[in-house]
Amino acid sequence: MNKEKRQQIFTRLREANPNPTTELEYATPFELLVAVILSAQATDVSVNKATRPLFARANTPAAIRDLGVEGLTPFIQSIGLFNTKARNVIRTCEILVEQHGGEVPEDRAALEALPGVGRKTANVVLNTAFGHPTMAVDTHIFRVCNRTGIAPGKTVRQVEDRLVRVVPEEFKRDAHHWLILHGRYVCLARKPRCGSCLIEDLCEYRHKTED
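Presented here is a report on the structure given in the accompanying data block. (Residues numbered from 1 in each chain as written. Predicted model: local features only at pLDDT ≥ 70, side-chain atom pairs only at ≥ 80, totals over all residues. Heavy atoms only, no water.)

1. Some remarks on the overall build of the chain
Helix and strand content of the chain: 10 helices and zero strands. Helices (α) and strands (β) of the chain occur, in sequence order from the N terminus, as α-α-α-α-α-α-α-α-α-α. For 211 residues, the compact-globule estimate of 2.2 N^0.38 gives 17 Å, and the C-alpha radius of gyration of the chain, at 18 Å, lies within 12% of that figure. Along the longest, intermediate and shortest principal axes, the C-alpha atoms of the chain span 55 × 30 × 30 Å. The burial tally for the chain puts 46% of its 211 residues in the buried class. Put simply, the chain has 29 plus and 25 minus side-chain charges, and the middle of one group is 6 Å from the middle of the other. (Helix = DSSP H or I, 4+ residues; strand = E, 2+ residues; numbered from the N terminus. Rg over C-alpha atoms; globule rule 2.2 N^0.38 Å. Buried < 20%, exposed > 50% of the residue type's maximum accessible area, 1.4 Å probe, protein only. Lys, Arg positive; Asp, Glu negative; His and termini not counted. Charge placed at Lys NZ, Arg CZ, Asp CG, Glu CD.)

And the structure:
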């Protein structure tokens, strides 16, 4: 795919959704961090249902730390892998209090040192909470980038690195949100909705559908 096509694709996505953001509900960088840790192998809808009562009760590192694993678990037990996630969140809260003054660090290495935080989670926090032009590649983005030809790659990291290289600067801050939403609602895994796609004529997928 050439740069002119990419420019047109992201221009259309921006026109359709000028201010994209995550569908996770949060009010602070810390709430976002917790929500993203909980969202691994879970839907945003299920995470939001869990975090609403949780954040109403405790929404700072010290407050959630004080709940302990036993106190946190009832809030998140509807989410997959909740036992592991509860331990990770509590330990993360302890580290934030002990090493970062109760604040979420705006630093990749410090974020990735937190339990339950990998590169993708760090990218989400850096982008959504702090405005960094990072690319958090999940299964939706991986599929969309390979299927459309925007940024093909055999691994998640290859797709991420290619996106960083080829996405025009003006779109980098919002690009991963547009691509996630496009994969979630239009470029579906089993049957993409090509007939309803606003970038169908620019997409290089060979097996387009009419729907």
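2. Here we look at the side chain of T22
Looking at where T22 falls in the secondary structure, it is placed in the loop between α1 (3-16) and α2 (29-38). Among the polar contacts made by the side chain of T22, one reaches the main-chain amide nitrogen of L24 at a distance of 3.1 Å. When residues no more than four places from it in sequence are discounted, the contact partners of T22 are L32, T128 and H177. (Polar contact = N/O pair within 3.5 Å; in protein donor to acceptor, adjacent residues only side chain to side chain. Contact = heavy atoms within 4.5 Å.)

3. Examining the nonpolar core
Counting 35 residues, the largest nonpolar core has L33, I64, L72, V89 and L111 as the members making the most contacts within it. Looking at which element gives the most residues to this core, the answer is α2, with eight residues. Residues in contact with L33, not counting those within four places in the same chain, are T92, L96, V104, L114, V117, T121 and V125. Formed by 23 residues, the second largest nonpolar core is a distinct cluster that contains L13, V137, L163 and A175. (Core = buried A, V, L, I, M, F, W, Y, C linked by side-chain atoms within 4.5 Å.)

4. Examining the packing of α2 against helix α3 (residues 44-57)
Two elements in contact, α2 and α3, have axes separated by 10 Å at closest approach and are oriented at 140°. When the axis of α2 is compared with that of α3, the two are oblique. Helix-helix and strand crossings are classified by hand; for α2 and α3 the assignment is right-handed. Between α2 and α3, the residues in contact are E31, V34, A35 and L38 and V47, T51 and F55, respectively. Residue composition of the contact of α2 with α3, grouped by class: five nonpolar, one polar and one charged. (Axes fitted to C-alpha atoms, helices over the stretch in contact; angles between N-to-C directions. Parallel < 35°, antiparallel > 145°, perpendicular 65-115°, else oblique. Left-handed = near helix turned anticlockwise from the far one by under 90°. Nonpolar A, V, L, I, M, F, W, Y, C, P; charged D, E, K, R; others polar.)

5. Section: the pattern of salt bridges
Enumeration over the complete set of coordinates arrives at 13 salt bridges. R52 is the partner of E25 in a salt bridge, and the nearest nitrogen-oxygen pair spans 2.8 Å. Of the two residues, E25 sits in the loop between α1 and α2 while R52 sits in helix α3, which places them 27 residues apart along the sequence. Using a relative accessible area of 34% as the deciding quantity, one classes E25 as partly exposed. Among the charged side chains, a salt-bridge network with shared partners connects E23, D44 and R184. (Salt bridge = Lys/Arg side-chain N within 4 Å of Asp/Glu carboxyl O.)

6. Observations regarding the state of the cysteines
For the coordinates displayed, the defined rule picks out zero disulfides. Note on C145: no disulfide assigned, nearest cysteine sulfur contributed by C187 at a separation of 9.7 Å. Looking at the unpaired C194, the closest cysteine sulfur is the one in C203, lying at 6.4 Å. (Disulfide = S-S within 2.5 Å.)

7. Here's the deal with the environment of H132
Position of H132 among the secondary structure elements: in the loop between α7 (119-129) and α8 (139-148). Once you skip the residues sitting within four places of it in the chain, H132 turns out to touch E106, L126 and N127.

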